[in-house]
There are 2 protein chains.
Amino acid sequence: MSRPTIAGVARAAGVSVASVSRVLNGLPATEEMIERVQRAVDALGYVPDSRARSLKVGRTFQLTLAVADVGNPVYVTMMRAVEEVVSAAGYRLVVTTTGPDVVDEVALVRGMARGYADGLLISPIRVDEDLVKSIRECEVPVVVAGNVPAKAGVDTVRANSPKGMLLAVDHLVAKGRRRIAFLNGPADTVPGAARSKGFTEALKAHELQPAAVAEATDFTFAAGRAAAPDLLAAGGVFDALICANDLLAVGLMHELAAAGLEVPRDVAVVGMDDSELAEQSFPPLTSVNLGSAERGRRAAELLLARIEDNERAPRRIVVQPSLSIRRSTP
Amino acid sequence: MSRPTIAGVARAAGVSVASVSRVLNGLPATEEMIERVQRAVDALGYVPDSRARSLKVGRTFQLTLAVADVGNPVYVTMMRAVEEVVSAAGYRLVVTTTGPDVVDEVALVRGMARGYADGLLISPIRVDEDLVKSIRECEVPVVVAGNVPAKAGVDTVRANSPKGMLLAVDHLVAKGRRRIAFLNGPADTVPGAARSKGFTEALKAHELQPAAVAEATDFTFAAGRAAAPDLLAAGGVFDALICANDLLAVGLMHELAAAGLEVPRDVAVVGMDDSELAEQSFPPLTSVNLGSAERGRRAAELLLARIEDNERAPRRIVVQPSLSIRRSTP
DNA sequence: TTGTATGCGTTATCAC
DNA sequence: GTGATAACGCATACAA
């Protein structure tokens, strides 16, 4: 029992394929024609082949969002925002995951052959020449939620990490904490580099020295835990701690508790991303909101606009951060 | 600058389209032919159109995984497992999200017209006649990670909630807790119904009465918090609490803490799913592992097998649970 | 309004 | 081994 095609429907209804196509696409037709076609469609259980359709019309009405780690709750925030925008515009959103390596990211962009989707939204952790090149050469429009060089000539929506860091430090200092430590993610990543720089600048603005600095191997919960010894070896010289994302913060808080340190009494902890995890953590985590929802929304809008008009000049949007204060800081 | 097609490559290389296609697909050709085609491909930056290709060969080499809520960490566990299996088999995995309503799920299965993917993996929260019907009529193979009636005649991989409940109750009773309360998710969902039944049976097996029972409006963190008053109004008559999933458990633990109750001293808490959140929660959450990773793996294998042979009899696999004991229970 | 015929970009079947 | 050509399933310009 082979699947029915439009030709089969036409035969069953005793009309031409063109008429079937017209009825299915809501083009003008007589009541009777609509009736006959509809009956044949129902009887055969016909459903159009989206490949053939999109091959003909040149669009798939699908958009792809590629994230590095589905386990990172910051991406679910972004995903929800993107989904809302693109589905309102009549597109289906499909999500694929790339992992932390640039090569995978490049492979994805390269492999995003024409036909898979009408546009691509990526949020790469690491960026190199190859990635920029593959984006420029990509068959479909690409927008980056993150930071790539301006000369890449691509639409970007990025966070303002330095400003976010400053908000965190301001808050901690206002609460009387001056011995501030920092747990970064991998420094060879874009967010890692940005947050490291931001931390240094923010402390300088307050004429403070870092109390301790450590670098996790990844932006994950496990990496946060694993980095704890490095930080604790510094010998309790810090009374506040900023982490490069919420997962690291929560991982580290577990080890802080294990070491007998109480949050926020002994150590105030600030995360970044203000993901759902910040709210779910205990104590609830004060976190720098880097606007992941807004970044997702803006990025999706940019992508839709570029699909509409591929000649427009690339835009580079920066979303401003805010601080969500919860109980992990005094 | 229009996108190059195989015809353009053929023209540039001075050969036929058939030869280009052959070289690209690794079919026998002379060294020189391969050389010429390759050069033209590189020069033009040609990348094949996957629609046209799959229209011709009849396969997309894509599989779709549809989950109800991307924010539920149990799905990331499942997603990782599925991804691993299908990518090893040469398929790309795309993830789409449906929301908690059956109608959306039905729309997804219906809309999964031939051409979007070669197979569909769904994990529906609610199931009705329409959904079963749409699955049976679906153009591509569907496997369900969850529970649908046997007469649906579809491959399924499901958890054993009652057995899981029993593990939880066994554990609590062994630790001396007998006044056990239960926070369920919506009872009109498949997992909600199964867990409710399982809870009742498990208590009966120990000749215990439920200390309190409440029903959250959703399987989310927020719903877990919101359900707290209902449970706490019961007046501290329980010394243990089982929640229908980890998100509910964590949400509720926040309210327990707010009410001055200490976990596990005053109330032992057990979640279900054993998701990443269970480990990240504080205190780390004892949770019933319903085998989400294994369910994902087995479901993916079933889907691949069915794509291979659509005539094989439907299989119904049940994955056995285990208990991950952490510090939320004594 | 309806039907006929062409082409979207690719692979596969033939001849050569 | 290579090249012309017919499909794959659909939408649409054009003719009726």
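By the naming in an unreviewed UniProt entry, chain A is LacI family transcriptional regulator, taken from Kribbella soli.

Peer 1: Could you give an account of the protein's contact with DNA strand D, naming the residues involved and the relevant values?
Peer 2: Ile6(A), Tyr46(A), Arg53(A), Ser19(B) and Thr30(B) are the nearest of the 23 residues found near DNA strand D. Across the atoms of DNA strand D situated within 4 Å of the protein, the share located in sugar and phosphate is 63%. Mapped by element, the contributors of at least two residues to the surface near DNA strand D are α2 (17-24) and α4 (50-57) of chain A together with α2 (17-24) and α4 (50-57) of chain B. The class makeup of the residues in the surface near DNA strand D is 12 nonpolar, six polar and five charged.

Peer 1: Go over the protein's contact with DNA strand C with me, naming the residues and quoting the values.
Peer 2: Neighbouring DNA strand C are 22 residues, the closest being Ser19(A), Thr30(A), Lys56(A), Ile6(B) and Tyr46(B). Taking Ser19(A), its side chain carries an N or O atom lying 2.4 Å from a phosphate oxygen of DNA strand C. Ranked by the residues each element gives to the surface near DNA strand C, the list is headed by α4(B), at four residues. Broken down by class, the residue content of the surface near DNA strand C amounts to 11 nonpolar, six polar and five charged.

Peer 1: Got a sec to walk through the interface of chain A and chain B? Specific residues and values, please.
Peer 2: Counting residues at the interface gives 50 residues for chain A and 49 residues for chain B. The contact between chain A and chain B buries some 4,300 Å² in all, and 56% of this surface belongs to carbon and sulfur atoms. Linking chain A to chain B there are four salt bridges. With a shortest N-O distance of 3.4 Å, Arg80(B) and Asp69(A) are connected by a salt bridge. Inspection of the region where chain A meets chain B yields 12 residue pairs in polar contact (both at pLDDT 80 or more).

Peer 1: Give a detailed account of the relation of the copies chain A and chain B, specifying residues and quantitative values.
Peer 2: When chain A is fitted to chain B, the residual RMSD is 0.1 Å, and the transformation amounts to a turn of 180° plus an axial shift of 0.1 Å. Each copy turns onto its partner about a two-fold axis. Here 98% of the interface residues in chain A have copies in chain B that are interface residues too; the copies meet face to matching face.

Peer 1: Which residues make up the nonpolar core, and what values do they have?
Peer 2: With 94 residues, the main nonpolar core has Ile180(A), Leu241(A), Ile242(A), Ile180(B), Leu241(B) and Ile242(B) as its most contacted residues. Not counting residues within four places of it along the chain, the set of residues in contact with Ile180(B) comprises Val169(B), Leu172(B), Val173(B), Phe199(B), Leu203(B), Leu208(B), Pro210(B), Ala211(B), Ala212(B), Asp239(B), Ala240(B) and Ile242(B). In terms of nonpolar packing, the next biggest core, distinct from the first, is built from 58 residues, Met78(A), Leu121(A), Ala300(A) and Ile317(B) among them.

Peer 1: Give a detailed account of the pairing of strand β7 (residues 212-215) of chain A, specifying residues and quantitative values.
Peer 2: All names here are of chain A. The side-chain alternation of β7 yields one buried face, formed by Ala 212 and Ala 214, and one unburied face, formed by Val 213 and Glu 215. As defined by bridge partners, strand β6 (residues 180-184) adjoins β7 across four bridges and the pair is classed as parallel. Bridging across to β7, Ala 181 finds its partner in Ala 212. In the classification by handedness, the crossover that spans β6, the intervening helix α9 (residues 190-205) and the parallel β7 is right-handed.

Peer 1: Please give an account of the sheet that holds strand β10 (residues 286-289) of chain B that cites residues and values.
Peer 2: Residues and elements named next belong to chain B. Sheet architecture is open: six strands sit in the order β7-β6-β8-β9-β10-β12, paired in mixed fashion. Only two strands of the sheet have a single partner each, and these edge strands are β7 (212-215) and β12 (322-324). The average angle at which neighbouring strand axes cross in this sheet is 20°, direction not considered. Of the pairings in the sheet, the one linking strand β8 (residues 240-243) to strand β9 (residues 268-272) comprises three bridges and is parallel in character. By the bridge assignment for β9, Leu 241 is matched with Val 269. Here helix α9 (residues 190-205) sits on the sheet and contacts β6 (180-184), β7, β8 and β9; the angle it forms with β6, its principal contact strand, is near 170°.

Peer 1: Any chance you could break down the sheet that holds strand β10 (residues 286-289) of chain A for me, citing the residues and the numbers?
Peer 2: To summarise the sheet geometry, strands pair through backbone hydrogen bonds and adopt either a parallel or an antiparallel arrangement. Residues and elements named next belong to chain A. On the basis of which strands lie adjacent, the open sheet formed by six strands has the order β7-β6-β8-β9-β10-β12 and mixed pairing. Either end of the sheet is taken by a strand with one partner, and the two such strands are β7 and β12 (322-324). Shown here is a sheet whose adjacent strand axes are inclined to one another by a mean of 20°, direction ignored. Contacting β6, β7, β8 (240-243) and β9 (268-272), α9 crosses the sheet at an angle of about 170° to β6.

Basis of the calculations
Residues numbered from 1 in each chain as written. Chains lettered and ligands numbered in written order. Predicted model: local features only at pLDDT ≥ 70, side-chain atom pairs only at ≥ 80, totals over all residues. Heavy atoms only, no water. Near = heavy atom within 4 Å. Helix = DSSP H or I, 4+ residues; strand = E, 2+ residues; numbered from the N terminus. Nonpolar A, V, L, I, M, F, W, Y, C, P; charged D, E, K, R; others polar. Polar contact = N/O pair within 3.5 Å; in protein donor to acceptor, adjacent residues only side chain to side chain. Contact = heavy atoms within 4.5 Å. Buried area = accessible area lost by both parts, 1.4 Å probe. Salt bridge = Lys/Arg side-chain N within 4 Å of Asp/Glu carboxyl O. Least-squares fit on C-alpha atoms with pLDDT ≥ 70 in both. Core = buried A, V, L, I, M, F, W, Y, C linked by side-chain atoms within 4.5 Å. Buried < 20%, exposed > 50% of the residue type's maximum accessible area, 1.4 Å probe, protein only. Pairing = 2+ DSSP bridges. Right-handed = clockwise from strand over helix to strand, strands pointing away. Axes fitted to C-alpha atoms, helices over the stretch in contact; angles between N-to-C directions.

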